[in-house]
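A closer look at the structure
Below, each chain spelled out in residue letters.
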Amino acid sequence: MCGRFTLNQSAANLAELFHVEPVPDLAAEYNIAPTQMVATVLQNPESEKREFKQLRWGLIPSWAKDAGIGAKLINARAETVAEKPAFRSAFKHRRCLVIADGFYEWQRQQGKKQPFYFHLQDGQPFGFAGLWEKWRCLRQPVRVASPTGEAGTPANEEIISCTILTTAANELLQPIHERMPVILEPQDYDLWLDSQVQTPQTLQQLLRPYPAPAMTAYPVSTLVNNSRHNSPQCIIPVSEKMHPQIS
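Each value, and the rule that gives it
Residues numbered from 1 in each chain as written. Predicted model: local features only at pLDDT ≥ 70, side-chain atom pairs only at ≥ 80, totals over all residues. Heavy atoms only, no water. Phe/Tyr/Trp six-rings, centres within 6.5 Å; stacked < 30°, edge-to-face > 60°. Helix = DSSP H or I, 4+ residues; strand = E, 2+ residues; numbered from the N terminus. Buried < 20%, exposed > 50% of the residue type's maximum accessible area, 1.4 Å probe, protein only. Lys NZ or Arg CZ within 6 Å of the ring centre and 35° of its normal. Pairing = 2+ DSSP bridges. Axes fitted to C-alpha atoms, helices over the stretch in contact; angles between N-to-C directions. Core = buried A, V, L, I, M, F, W, Y, C linked by side-chain atoms within 4.5 Å. Contact = heavy atoms within 4.5 Å.

Within this structure, the stated rule accounts for ten aromatic pairs. A centroid spacing of 5.6 Å and a plane angle of 85° characterise the contact between Phe5 and Phe128, whose relative ring orientation is edge-to-face. In this pair, Phe5 is assigned in strand β1 (residues 5-7) and Phe128 in strand β9 (residues 126-136), connecting sequence segments 123 residues apart. Like Phe5, the residue Phe128 is buried in the burial classification. Judged by centre distance (6.3 Å) and plane angle (45°), the rings of Tyr104 and Trp106 are tilted. Each member of the pair, Tyr104 as well as Trp106, is classed as buried. Feature note: the residues Phe5, Trp57, Phe103, Phe118, Phe126 and Phe128 constitute an aromatic cluster, connected by ring pairs. One Lys or Arg, Arg95, reaches over the ring of Trp192 and ends 5.5 Å from the middle of that ring.

Here it is as structure tokens:
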């Protein structure tokens, strides 16, 4: 699964790499957690132009009774996304890029879980394959379970939320975790965002493990285990004598 990631990039760099404008100045995020707002790119179905949007992480299906389900739907498995009731409509009609420049996974070591930080060799941001959905609260406020301790959803409020697709781990991640988020190649962004493309077989071809040689990873502090910690310390490598860098 993908449960935490990072984004610390200038607006100008994001606008250039994702061919989208305008992009607001974003605060550096070193420990993005479920139910928080995340940076995404969508394609406007009318203008067919890319748009930058900040969406809530954790997809809330349009038919959901309350927003709480979103905390459980932060990821969608690429192998079954076309059939699952919570995702199949969004998979056909509402796809997006979730922008990141790194992510975390945890490895069990002597009864404890050691976090590792993964990013591209060139340090550039990338797009996770994502889905988005609109949901409107039609009843009294509901308290939502959230690591950020947010309040309930006001009646009649519309929430636009998203999820990140996952696939089998590549060779770099396999020693740490069996799954990894789907990182799309830039040349595939147009196809993924095009709402006119709805054939599962065409889309599934994009949902493959990212090439391991283009990535790197190293162990980091357990500070990242607490979503309230959001500082550069989260991505600083810990002693390699204790936790050798994987390769």
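Reading across from one edge, β2-β1-β7-β8-β13 is the order of the five strands in this open sheet, with antiparallel pairing throughout. Only two strands of the sheet have a single neighbouring strand rather than two, namely β2 (29-32) and β13 (215-219). With strand direction ignored, the average angle separating the axes of adjacent strands in the sheet is 30°. Pairing between strand β7 (residues 102-109) and strand β8 (residues 112-120): seven bridges, direction antiparallel. When the bridges of β8 are listed, Tyr104 appears paired with Tyr117.

Moving on: the nonpolar core. Phe5, Phe103, Phe128, Trp192 and Met215 are the most contacted members of the largest nonpolar core, which totals 64 residues. Excluding anything up to four places from it in sequence, Met215 contacts Phe103, Phe118, His119, Leu120, Gln121, Asn170, Leu172, Leu173, Met180, Ile183 and Tyr210. Counting eight residues, the second largest nonpolar core, distinct from the first, contains Tyr30, Tyr218, Val220 and Val224.

Here the focus is the environment of Gly70. Relative to the helices and strands, Gly70 resides in the loop between β4 (50-57) and β5 (75-77). Accessibility expressed as a relative area gives 1% for Gly70, which makes it buried. Taking the C-alpha atoms as reference points, Gly70 and Cys162, separated by 92 residues in sequence, lie 8.7 Å from one another. Setting aside anything within four residues of it in sequence, one finds Gly70 in contact with Gly58, Leu59 and Ile60.

The next point concerns unusual backbone geometry. At the junction of Glu21 and Pro22, the peptide bond is cis and its omega measures out at -10° in the coordinates. Structurally, Pro22 is set in the loop between α1 (11-18) and β2. Even without being glycine, Thr35 reaches a positive phi, approximately 80°. You can see Thr35 is positioned in the loop between β2 and β3 (37-43).

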